[in-house]
Amino acid sequence: MKTLHHFVNGKKVEGQSGRFGPVYNPATGEQESTVPFASADETRSAIAAAHDALASWGATPPVQRARVMFRFKDLMERHKDEMAALVTAEHGKTLPDAGGSITRGLEVVEFACGIPHLIKGEFSENVGTNVDSWSSRQPIGVCAGITPFNFPAMVPMWMFPIAIACGNTFVLKPSEKDPSAPLLMAALLKEAGLPDGVFNLINGDREAVETLLEDPRVAGISFVGSTAVAEHIYRTGSAAGKRVQALGGAKNHMVVMPDADMDQATDALMGAAFGSAGERCMAVSVAVAVGSAGDALIERLTPRIASLKVGPGIDPDSEMGPLVTKQHFDKVRGYIDAGVKEGADLLVDGRDTRLQGYEGGYFVGGTLFDNVTPDMSIYREEIFGPVLSVVRAPDFDTAKKLVDAHEYGNGAAIFTRDGDAAREFSSSVQAGMVGINVPIPVPMAFHSFGGWKRSLFGAHAMHGPEGVHFYTKLKTVTARWPTGIRAGAEYTFPSMK
Ligand code: NAD
């Protein structure tokens, strides 16, 4: 069994705290490695390394910082298969899905390669007579990233490429469930020529996170994970005077109007609900079927879900892999039990999925509930598994009200051929990322990713322009050079006459 490590100041560092966690292969249920959990002191040593590297890295010309990102992107592409294999081995998702998520992360690296352009400022000549003014964006300092299990490579890449390209230094605390892909990224950043201390990785649990939240040397915290933790991170980090962006959980609805192409809507729901076994913050977990769309969808979805190919992520025939841990497997099955008790109609039951040769794996098959109502826990709460709930709505207004009333507002989609309905939905729906005949509207790297309501705490979404703003402080300089004309002291507020 492998023992993993931290990565501080350009070096692998063994865990000293004596505390460790298990990392499993979810397809077999066997423990593959042990990950050290950093103590507060070990976490502080990573913060110190990032702090020491700050002045020199912040003064490095942006074009040179960008060149490190170009080399990192090249190395990531060369190691993409290895990286995808690590994601599949520890998370469970299929290899093509793991590869796709790495590509989406690399798009943020590509965006960060343009940093000289992104942080160049604005200049106004003669804001007053012989007075010029310009603004520029400067790094905020040591930044920390705390990331979830479901995208162990992509979500860290939403954060550190932009933070580092902007001239900040970084401490990553990845999920303790699948830390090997982020550790490989740390090694590749060093190989790309990133100076020691600019990127550090500390493995661990709450103790490491609380230390990052408390330490005054940390200026900004980026978090992605569940809503309860996101809210805690936001409150604690903000109270300590830090910038915080904290992305939380989701319950994404897809409204299907009766005029939609039902085959297209069914294909979209299959991928969006069951890809990555539903362990995506942009997964569609609720289909709101309007009027006659209900029966049409159920008729198409039921056989498709019942015949989903569930298997280990390394099997090219698998459409869906296992859930990440035994604990999560039990939780998702518990939700299916609750849905039955609460009176929803269970049309396809994934609880008894057994795979020969993988008896210890955490497999739950595709599950379909019909006639789900807003009072049920399977509707209100994020299940984060392969469970699709169909809610029936008589008309568009009722469907949209459901989406708007839900506590989460990450993504929302509408499938329709009606331009009026699509426009009204996209314009007024209470969600941050909206799809029109697109089930998973994840913005590209040059736009920003973030939800509304209890899916995001803080003022900034991630990557794209919002990422650049989060990781930089605005400075505006107003300058006058002596001209020989001396006006003398002025005691009124400066303004143009
Ligand atoms: P999680 O909240 O359990 O863990 C996220 C991170 O926080 C991990 O690094 C973990 O070690 C740390 N953590 C956990 N409990 C903590 C505590 N009490 N105090 C301090 N730190 C703690 O989330 P997860 O199970 O790894 O990921 C799944 C969740 O992430 C889902 O809710 C999903 O919707 C959400 N997610 C959201 C987005 C988004 O963009 N909004 C993207 C991906 C995942």
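Residues numbered from 1 in each chain as written. Predicted model: local features only at pLDDT ≥ 70, side-chain atom pairs only at ≥ 80, totals over all residues. Heavy atoms only, no water.

**So, the site of the ligand**
Note the cut-off: One heavy atom within 4 Å of a molecule or strand is enough for the residue carrying it to be called near that molecule or strand. We define a polar contact as two N or O atoms separated by no more than 3.5 Å, with the added condition that, inside protein, one atom must be a possible hydrogen donor and the other a possible acceptor, whereas residues neighbouring each other in sequence contribute only through side-chain atom pairs. The Shrake-Rupley method, run with a 1.4 Å probe sphere, supplies the accessible areas, and residue values consider only the shown protein chains as cover. In the cavity and pocket records, a cavity denotes points on a 1 Å grid over the protein atoms alone where a 1.4 Å probe fits but cannot get out, a pocket denotes an open set with protein on both sides within 12 Å along at least 5 of 7 lines, and lining residues are residues with an atom within 4 Å of a point. What decides whether a molecule sits in a cavity or pocket is whether more than half of its atoms lie within 2 Å of the grid points. The numbering of helices and of strands both runs from the N terminus, where a helix is a DSSP run of H or I of at least 4 residues and a strand a run of E of at least 2. Domain start and stop positions are those given by an automatic or database domain assignment.
Contacts to the ligand come from 26 residues, most closely from Lys173, Glu176, Ser226, Gly248 and Glu382. A distance of 2.8 Å separates a nitrogen atom of the ligand from a polar atom in the backbone of glycine 248. Computed on the free molecule, the ligand has an accessible area of 840 Å², of which 88% lies beneath the protein chains in the complex. At a threshold of 2 Å from the grid points, most atoms of the ligand map onto the largest pocket. Of all elements in the fold, only α8 (206–214) and β11 (218–224) reach the threshold of two or more residues within the shell around the ligand. The residues that make up the shell around the ligand include at least three from each of domain 1 (2–248 + 455–477) and domain 2 (252–436).

**Digging into the pattern of salt bridges**
Here is the rule: Any carboxyl oxygen of Asp or Glu within 4 Å of a side-chain nitrogen of Lys or Arg constitutes a salt bridge here. In this scheme, a residue with accessible area under 20% of its type's maximum is buried, one over 50% is exposed, and one in between is partly exposed, where area comes from a 1.4 Å probe on protein chains only.
Throughout the structure, instances matching the rule amount to 24 salt bridges. In this structure, aspartate 196 and lysine 190 form a salt bridge, with 3.0 Å as the shortest nitrogen-oxygen distance. Exposure remark for aspartate 196: the relative accessible area of 34% places this residue in the partly exposed category. On the basis of relative accessible area, lysine 190 is assigned to the partly exposed category, the value being 37%. Across the pair arginine 392 and aspartate 370 runs a salt bridge whose closest N-O atoms are separated by 2.8 Å. Remark: aspartate 370 occurs in strand β16 (residues 367–370) and arginine 392 occurs in strand β17 (residues 387–393); sequence separation between them is 22 residues.

**Section: the packing of aromatic side chains**
Our working definition: Stacked, edge-to-face and tilted are the three classes for Phe, Tyr and Trp ring pairs, Trp counted by its six-membered ring, which pair at centre distances within 6.5 Å; planes under 30 degrees apart are stacked, over 60 edge-to-face, the rest tilted.
Tallying each qualifying case throughout the model produces ten aromatic pairs. Among the aromatic residues, ring-to-ring pairing joins Phe72, Phe160, Phe170 and Phe199 into one connected group.

**A look at unusual backbone geometry**
Its identity is not glycine, yet asparagine 9 carries a phi of approximately 55°, on the positive side. Here asparagine 9 shows up in the loop between β2 (6–8) and β3 (11–13).

**A few points about empty space enclosed by the protein**
Quick note on the threshold: Grid points are joined across faces, edges and corners, and a volume is the space filled by probe spheres set on the points. Gly is put with the polar residues, along with every residue not named as nonpolar or charged; the nonpolar set is Ala, Val, Leu, Ile, Met, Phe, Trp, Tyr, Cys and Pro, and the charged set is Asp, Glu, Lys and Arg.
One pass over the structure, following the stated rule, counts six cavities of 30 Å³ or more. Taken as a whole, the largest cavity holds about 110 Å³ of empty space. Among the residues making up the lining of the largest cavity, the classes are represented as eight nonpolar, four polar and three charged.

**Regarding the side chain of arginine 280**
Inclusion rule: Whether two residues are in contact is decided by their heavy atoms, any of which lying within 4.5 Å being enough.
Here arginine 280 lies in the loop between α10 (262–274) and β14 (284–290). Looking at arginine 280, the relative accessible area reads 16%, which means it is buried. At 3.0 Å, the side chain of arginine 280 forms a polar contact with the side chain of aspartate 97. Sequence-distant contacts of arginine 280, that is, excluding residues within four places in its chain, are made with Asp97, Asn150, Phe151, Gly271, Gly275, Phe384 and Ile440.

**Brief notes about the environment of phenylalanine 470**
On the secondary structure map, phenylalanine 470 appears in helix α16 (residues 464–470). Its relative accessible area of 1% is what places phenylalanine 470 among the buried residues. With residues up to four places along the chain from it excluded, the contact list for phenylalanine 470 reads Ile140, Ile221, Ser222, Arg243, Val244, Gln245 and His460.

**Points about the packing of helix α1 (residues 40–59) against α8**
Which entries qualify depends on this criterion: Every angle, taken between N-to-C directions, lies between 0 and 180 degrees, and every axis is a line fitted to C-alpha atoms, over only the stretch in contact when it is a helix. Comment on the angle field: the value is read as roughly parallel under 35 degrees, roughly antiparallel over 145, roughly perpendicular from 65 to 115, and oblique elsewhere. Note: crossing handedness is left-handed where the near helix turns anticlockwise from the far helix by less than a right angle, and right-handed where it turns clockwise.
The contact between α1 and α8 brings their axes to 9 Å, and the two run at 45°. Put simply, α1 runs oblique to α8. Note on packing geometry: the crossing formed by α1 with α8 is right-handed. Packed against α1, whose contacting residues are Ala40, Thr43, Arg44 and Ile47, the element α8 presents Glu207, Ala208, Thr211 and Leu212 at the interface.

**What to know about the domain arrangement of the protein**
Definition in use: Computed with a 1.4 Å rolling probe, the buried area is the accessible surface lost when two parts are put together, summed over both parts.
Its domain assignment divides the protein into domain 1 (2–248 + 455–477) and domain 2 (252–436). On the domain 2 side, the residues contacting the 19 residues of domain 1 number 24 residues. Buried area between domain 1 and domain 2, summed over both chains or domains, comes out near 1800 Å², and the portion from carbon and sulfur atoms is 61%. The tally of links between domain 1 and domain 2 comes to one salt bridge. Where domain 1 meets domain 2, there are seven residue pairs in polar contact (both at pLDDT 80 or more). Secondary structure elements with two or more residues in the side of domain 1 that touches domain 2: α3 (80–91) and α4 (95–112). With three residues, the single largest contributor to the side of domain 1 that touches domain 2 is α3. Its residues assigned to classes, the side of domain 1 that touches domain 2 comprises six nonpolar, nine polar and four charged.

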